[in-house]
Every structure is written in structure tokens, then in C-alpha cells.
Amino acid sequence: MEPEEFRAAAHALVDWIADYRERIPELPVQSQVKPGDVAGLLPVSAPAAPESFDAVLRDLDHVVVPGITQVQHPNYYGWFPSNATLSSVLGDFATAGLGALGITWQSAPSLTEVEEVVVAWLRELTGVPETWYGVIQDTASTACLVALLAARERATDYSETRGGLQAEPAPMTVYTTEYAHSSIPKAVALAGFGMDNLRVVETDPWTRALRPAALAEAIAADVAEGRRPVAVVVNIGTTGTTAVDPLAEIVPIAREHGMWVHVDAAMAGSALLLPEQRGLVDGLEGADSLTWNPHKWMGTVLDCSLMYVADPEHLVRVMATDPSYLRSTVDGSVTQFKDWGIPLGRRFRALKLWFQLRLDGVEAIRDRLRRDLANARWLADQVEAAPRWRVLAPVSLQTVVLRHEPPDVVSPDGEVLDGAALDAHTLSWVDAINDSGRAFITPAKLDGRWSVRVSIGAEPTTAADVAALWDLLRSTAERG
Ligand SMILES: *Cc1c(COP(=O)(O)O)cnc(C)c1O
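Residues numbered from 1 in each chain as written. Predicted model: local features only at pLDDT ≥ 70, side-chain atom pairs only at ≥ 80, totals over all residues. Heavy atoms only, no water.

Draft legend 1. Representation of the sheet that holds strand S10 (residues 399-404) within the structure. Taken in spatial order, the five strands of this open sheet run S1-S11-S12-S10-S9, and their pairing is mixed. The sheet is open, and its two borders are formed by strand S1 (76-77) and strand S9 (389-391), each paired with just one other strand. Relative to strand S11 (residues 440-446), S1 runs parallel, the two sharing two bridges. Across the sheet, residue tyrosine 76 finds its bridge partner in S11, namely phenylalanine 440. Along the sheet, helix H13 (residues 419-436) makes contact with S9, S10, S11 and strand S12 (449-455), crossing S12 at roughly 30 degrees. Contacting S1, S9, S10, S11 and S12, helix H14 (residues 463-479) crosses the sheet at an angle of about 130 degrees to S9. (Pairing = 2+ DSSP bridges. Helix = DSSP H or I, 4+ residues; strand = E, 2+ residues; numbered from the N terminus. Contact = heavy atoms within 4.5 Å. Axes fitted to C-alpha atoms, helices over the stretch in contact; angles between N-to-C directions.)

Given below as C-alpha cells:
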């Protein structure tokens, strides 16, 4: 494709994107397709001759859009806010158009240096210690794996240069809670610790936050039996209920044993943009790494995960590569992000952050986050005041975990009389809402019973939308 042909097609595509964004409120929130529907609309083999751009655009409408759950919809309250602000979309468009190759500083100095600057801006905006360094990883899952690899190698004085884990004398243990995101046990497994060495530390029954005394006990028991505590993953805003582990109390316990403290704030980290929410990570200066995803609530289009570390030397010692063909005359005086993570080639992800911050401005982003916190508080107040409705966990941020409890299955003082019937009722009214396409909420197990997560924070969701949702929840659940 020549640039002139691209110019015409790209203008049409931009128009298509703007039209699509405008009509999202009319689309069903949950995709209504069945497995195989989308693939069934496509030819089995690639076209031999070129097709028109119009034909491709038509298929965006007919094939692609119906197969998307509309997370940019004002009535999307599902898994977590997955905002893709149009300002950041412009940045991502520029990234693709530039086609820069991010393998070393020299291959695209601006790719490295814009990233360094934007990540430092966000460090300042979120109150992360100014001595820390940041890098953009693709996802929080990758960042946690990278943190645990660094923890493992620091604890073994870089065993990777010798016999690796297989030559270590004592098993190494990692600590977190049952409410940690599924990417945490996955990273423990992938980093070679083995699931037998993952400790699920007791939590408070209401806040679901890690109990520091239980952490200290678990560590002491492992030490007594000859194992080596190496890392703790602290959850700031768990996926289920946005539970917040007490970082400031965990850090001194971990420090005593030279353990790595990784803070997973993938969803909640956006709240750190609000000075009044910085208490979420009290004690951070004593930790080793922090991850959060601008690609969730803040609204930088997927994928964009910020990882901050107190000392990047640990990343570099574990992951640096130095093949002769990547040698350049400036080595040593520049940052080589290839040595701060797993992949060699990286996208120019900083551009979408740079565009979003410049075009939207941080105060507008902060206003939106505060709006969402207030909407969640409002909804929780309605649920608490309504008979036969219950809020099941503290509303620490923008997620409300709730349940409707019909009289025949739950006693007036909250005792569950028929758990199976309660579960069936919950799933039935949630499915009715999701299948209707009018709103999207996520059922999730909490303490062994189905509950409903209402995760507020889609970019277009207003207070009026949340009020309409509350009406919909009531009319659907109370009818059943
Ligand atoms: C979303 C989430 C993750 C995983 O994020 P990815 O970037 O999709 O890997 C991890 N931890 C928490 C708490 C999350 O909310």
C-alpha cells in the first residue's frame, strides 16, 4: 500500500472509529455471538487477490463488532474498567504508523527516552518514591513474573549463572493471599518455585486483607523447617473485592528476612493519581517493585502496564543480553529497556500515554476517577438501605460486591438457609441482565457462594447510568 492510498483509507477508518464510538450505547453490552459464529463468517483460506478497503470496513461492522463485549459502553460494569480513551487511541495509531523498532536505545532513541520521561511523569503524579525507576511492560502478569524472577535471583546471588534453581540447597517460598489475581500463582509456577512453595496467607474475614501476624507465622514456620522465604506479593485492590493488604505492616516483616516485596496494584493503581488515595500504598518506599495498569481504569488503550522498581540493577542482572550485533558506541550511557524485561523487541507504548496525558490532562482524569468513586459509594448506600440486599465486602474503591437475598433462602438476620437456592437465584438474575444486553455485571464466587461484582468506571458511565443500573438490578432480582 502506497502512502496516498493509505491516506484515503485511514481517513475512512478514523470516521468509522468515531461513528462506532458514538453508537456504542445502542449496542448490546455483552456480545451475543455463540462459539464459532465469528469464524463461520470468514473464508477458510486467505484471499488470493486484493480486496477493496470498503469490503474490509463492512466486515468490521458485520463480523467484528457483534463479536465484541462492549467494554466502552456506559452500562459496562464487568470484570474491571478497561477504558480505551480516544486520546490514547490516537497515540497508538501514531505508534503503528511510525513502525519504530524498539530493540536497543539506538534503534529508536525517542522510543526509549519518551518512555523514560512519561514513566517519570506518572511516578511523580502517583507519589511513587522519586528514587525509583519505571518501565512499561505489556501486562501486570508479565510484571509480576519479572519481579519474581528478580526476587529469585537476588536471593540466590544469581544462581542462573551457575546451576540455577536445580542446584539450590533449600526450597524458596513465596507468600500472598487467596484473593491474589490468578497471574500471581501462575508467575510463581513459571518462575520455578513450584506450587508447593506458594503460601496462601490468612486474611481478615471482612476486609479480605492479609493478616500480618499470619504472614510472620508462616515465614517463621518455613524458616524453622529449613526453607528460604524469598518474596511476598502484596495485593492493593484485589480482583474480587478490591481488598487492600496492609503494605506498611508487611514491609518490616519481609525486610527482616531480606524478602522481595512486589506490590500488585494492577486495577487500583489508577487511584494513586488522586493525592487523597495515596494511603493505599503507605510503606511503598520499603518495597521493591510496584505494578499498575494505565490500561484499566485510567484508560490508556491496552496494553500498558507500568512497573516501578527501587533498583533496576536487579532486572538488568537477571535479563541483560549482549549479542555482538546489538553493540553500539553509546552502550553504558543509555537505558536499554530490552534488559528490563523478557522480550527483546518492544512497541512504542509510551506514545499512547504521552498523547492521553497531553490531550486529556491529568485533572480531567482525576475528576473522572473521583466521579467513579462517588458513584460506587452511592450504589453501596442504596444497596445497604434496601431490604433483602446486602453489600458483601468493604467498598474501598469503585467495585461494589452485592447480593439479593430472597426471604425463603436467607433468614432476616442474614443466615443462609438454602445456599444452593441462593446461588441459583443469583446466577439466574445476573444471566437475565447480561443476556438482555442492557448492562453487564460479573458474577463471582465469594466465600464459596455466588455474589455479583459491579465494577464502576467505564469512561462514559455517569451517575444517571448508575442510578438506572440500580433500578435494573432491583426490578430483575426482585421479580425472580
Ligand atoms: C487485571 C489484574 C491483573 C492482571 O493484569 P494483566 O495486565 O491483564 O496481566 C493482575 N492483578 C490484578 C489485581 C488485576 O486487577
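Draft legend 2. Quick peek at unusual backbone geometry. Across the junction of leucine 302 and aspartate 303, the peptide omega takes the value 0 degrees, indicating a cis bond. Tracing the backbone through its elements, the reader meets aspartate 303 in the loop between strand S7 (289-292) and strand S8 (305-309). Its identity as a non-glycine residue notwithstanding, tyrosine 158 has a phi of 65 degrees, on the positive side. Looking at where tyrosine 158 falls in the secondary structure, it is placed in the loop between helix H6 (140-155) and strand S3 (172-177). With relative accessibility at 5%, the residue tyrosine 158 sits in the buried group. For threonine 242, which is not glycine, the phi dihedral falls at a positive 55 degrees. (Buried < 20%, exposed > 50% of the residue type's maximum accessible area, 1.4 Å probe, protein only.)

Draft legend 3. Representation of the environment of valine 395 in the model. Mapped onto the fold, valine 395 is located in the loop between S9 and S10. Spatially, the C-alpha atoms of valine 395 and methionine 319 are 39 Å apart, while their sequence positions differ by 76 residues. Not counting chain neighbours up to four residues away, the residues in contact with valine 395 comprise Ala376, Arg377, Ala380 and Val400.

Draft legend 4. Focus on the domain arrangement of the protein. Assigned domains of the protein: these are domain 1 (3-68), domain 2 (95-360) and domain 3 (368-479). Residue-level contacts link five residues of domain 1 with six residues of domain 3. Counting the surface domain 1 buries against domain 3, the share from its top three residues, Val29, Gln30 and Gln32, is 87%. Joining domain 1 to domain 3, the criterion identifies zero salt bridges. At the boundary of domain 1 with domain 3, the tally comes to three residue pairs in polar contact (both at pLDDT 80 or more). Among the residues making up the side of domain 1 that touches domain 3, the classes are represented as three nonpolar, two polar and no charged. (Domains from an automatic or database assignment. Buried area = accessible area lost by both parts, 1.4 Å probe. Salt bridge = Lys/Arg side-chain N within 4 Å of Asp/Glu carboxyl O. Polar contact = N/O pair within 3.5 Å; in protein donor to acceptor, adjacent residues only side chain to side chain. Nonpolar A, V, L, I, M, F, W, Y, C, P; charged D, E, K, R; others polar.)

Draft legend 5. Representation of the site of the ligand in the model. For the ligand, the set of nearby residues contains 13 residues, the closest of which are Ala140, Ser141, Asp264, Asn293 and Lys296. Here serine 141 contributes a side-chain N or O atom positioned 2.5 Å from an oxygen atom of the ligand. Separating an oxygen atom of the ligand from a side-chain N or O atom of lysine 296 is a distance of 2.8 Å. The protein chains hide 89% of the 390 Å² of surface that the ligand would expose on its own. When grouped by side-chain class, the residues that make up the shell around the ligand number three nonpolar, eight polar and two charged. (Near = heavy atom within 4 Å. Areas by Shrake-Rupley, 256 points an atom, 1.4 Å probe, with all protein chains shown as cover.)

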